[in-house]
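# Architecture at a glance
So the chains spell out like this:
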Amino acid sequence: MERRNKILFLLIGFLGTVILFFIFLYFSVPKIINSEIVKKKVNAYVLQKTGGSIAFKKLDIHLFPLPHIVFQQVSISVPNKANGLIQSLFVYPDVWSLIKGNVQFSKLSFESPRFTVSLSEDMEKTSLELIEEKIRSFVHDLNSLAPYLLLTVHEGKLDLTKADRVAFSFDTIQSQLITSGKSLNIFLTCTSTLWDNLSFNSSLHVEDLKSSGTLQIKHFQPHNLFAQ
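Computed from a predicted structure; not experimentally measured. (Residues numbered from 1 in each chain as written. Predicted model: local features only at pLDDT ≥ 70, side-chain atom pairs only at ≥ 80, totals over all residues. Heavy atoms only, no water.)

Within the protein chain, the regular secondary structure consists of 5 helices and 9 strands. Its helices and strands taken in sequence order, the protein chain reads α-α-β-β-β-α-β-α-β-β-β-β-β-α from the N to the C terminus. Going through the 228 residues of the protein chain one by one, you find that 28% of them count as buried. In the protein chain, 46% of the contacts between residues at least 6 apart in sequence involve partners at least 24 apart. Working note: accessible area of the protein chain is about 15500 Å², and carbon and sulfur atoms make up 62% of it. (Helix = DSSP H or I, 4+ residues; strand = E, 2+ residues; numbered from the N terminus. Buried < 20%, exposed > 50% of the residue type's maximum accessible area, 1.4 Å probe, protein only. Contact = heavy atoms within 4.5 Å. Areas by Shrake-Rupley, 256 points an atom, 1.4 Å probe, with all protein chains shown as cover.)

Now for a nonpolar patch on the surface. A cluster of nonpolar residues, Leu215, Ile217, Phe220, Leu225 and Phe226, forms a patch on the protein surface that exposes about 510 Å² of accessible area. When contributions to the nonpolar patch are tallied by element, the ones reaching two or more residues are strand 9 (211-218) and helix 5 (222-226). Here Leu225 is to be found in helix 5. Classification of Leu225 as partly exposed rests on a relative accessible area of 36%. (Patch = residues over 30% accessible without salt bridge, like charges linked within 9 Å, V, L, I, M, F, W, Y side chains within 5 Å. Salt bridge = Lys/Arg side-chain N within 4 Å of Asp/Glu carboxyl O.)

Next up on the list: the nonpolar core. Core analysis: the largest hydrophobic core is formed by 28 residues, its most contacted members being Phe71, Leu89, Phe110, Leu151 and Phe170. For this core, the secondary structure elements donating two or more residues are strand 2 (68-78), strand 3 (82-93), strand 4 (105-118), helix 4 (128-145), strand 5 (150-162), strand 6 (165-179), strand 7 (183-192) and strand 8 (197-205). With 5 residues, the top contributor of residues to this core is strand 6. (Core = buried A, V, L, I, M, F, W, Y, C linked by side-chain atoms within 4.5 Å.)

A separate point is the packing of aromatic side chains. Scanning the model with the defined rule gives 2 aromatic pairs in all. Ring centres 4.9 Å apart and planes at 75° place the aromatic pair Phe56 and Phe71 in the edge-to-face group. In this pair, Phe56 sits in strand 1 (residues 53-62) while Phe71 sits in strand 2, placing the two residues 15 residues apart along the sequence. Take Phe71: its relative accessible area is 16%, and that puts it in the buried class. Geometrically, the ring pair formed by Phe170 and Trp195 is tilted, given 5.8 Å between the ring centres and 50° between the ring planes. Taken together, the residues span a long stretch of sequence, with Phe170 in strand 6 and Trp195 in the loop between strand 7 and strand 8 at a distance of 25 residues. (Phe/Tyr/Trp six-rings, centres within 6.5 Å; stacked < 30°, edge-to-face > 60°.)

Let us look at the sheet that holds strand 6. The strands that make up a sheet are held in pairs by hydrogen bonds between backbone atoms, and each pair lies either parallel or antiparallel. Overall, mixed pairing links the 9 strands, which are arranged 1-2-3-4-5-6-7-8-9 in an open sheet. In this open sheet, the two edge strands, each paired with only one partner strand, are strand 1 and strand 9. When strand polarity is set aside, the average angle formed by the axes of neighbouring strands in this sheet is 15°. Relative to strand 2, strand 1 runs antiparallel, the two sharing 9 bridges. From the neighbouring strand, Ile54 faces strand 2, where its bridge partner is Ile76. (Pairing = 2+ DSSP bridges. Axes fitted to C-alpha atoms, helices over the stretch in contact; angles between N-to-C directions.)

To continue, consider the pattern of salt bridges. In total, this model carries 2 salt bridges according to the counting rule given. In this structure, Asp171 and Lys157 form a salt bridge, with 3.8 Å as the shortest nitrogen-oxygen distance. You can see Asp171 sitting in strand 6 and its partner Lys157 sitting in strand 5, a full 14 residues away along the chain. Looking at Asp171, the relative accessible area reads 28%, which means it is partly exposed. Bridged by salt links that share partners, the residues Lys157, Asp159 and Asp171 form one connected network.

Read these as geometric descriptors, not functional statements.
Next up, the structure:
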């Protein structure tokens, strides 16, 4: 009888803890996420990294099944370089990092992003060392913000323009990026004016940038590439 009572008390205590935890989330997470300070930090980060700005029309906070934020109609602009619109951006912060006062993410989902990037007329030669340094910087920043992240892109589109006209177009982009602290795993498929279909997956080791993967292209059209 005493053993049953102990088990019952343990279950009640566990359920009570869970309920208190969600009550805490309900009142604290919106204040943490939806504060003007966080909004300013996001804009400052984008400005620092790209020289651009970010804005959105609407923000909704949901607690179930997991706490997350939904940004609607997110626009990003980098003067003379790029601009884009994301129909919906789902952001799942890591709950424990929020409680500790540190913002990290466990999942990001981009729904129907549409981006246009301008190709420079004066293409400067870039050394392999500079490219490697930029990759290292990107990997480092990504692991700082989200050491264990699932990033997905659904129905994306990218246009590369030259002299105000579309040079290359990439459509129906489906992509997934997974970080594990030690590696980046990338999966991507898309159609393009350069091919009928492309399928790519790769694993990149964070420490030494060594990678392995596969690439499949169906009906590649190199004449469209050379024409540009």
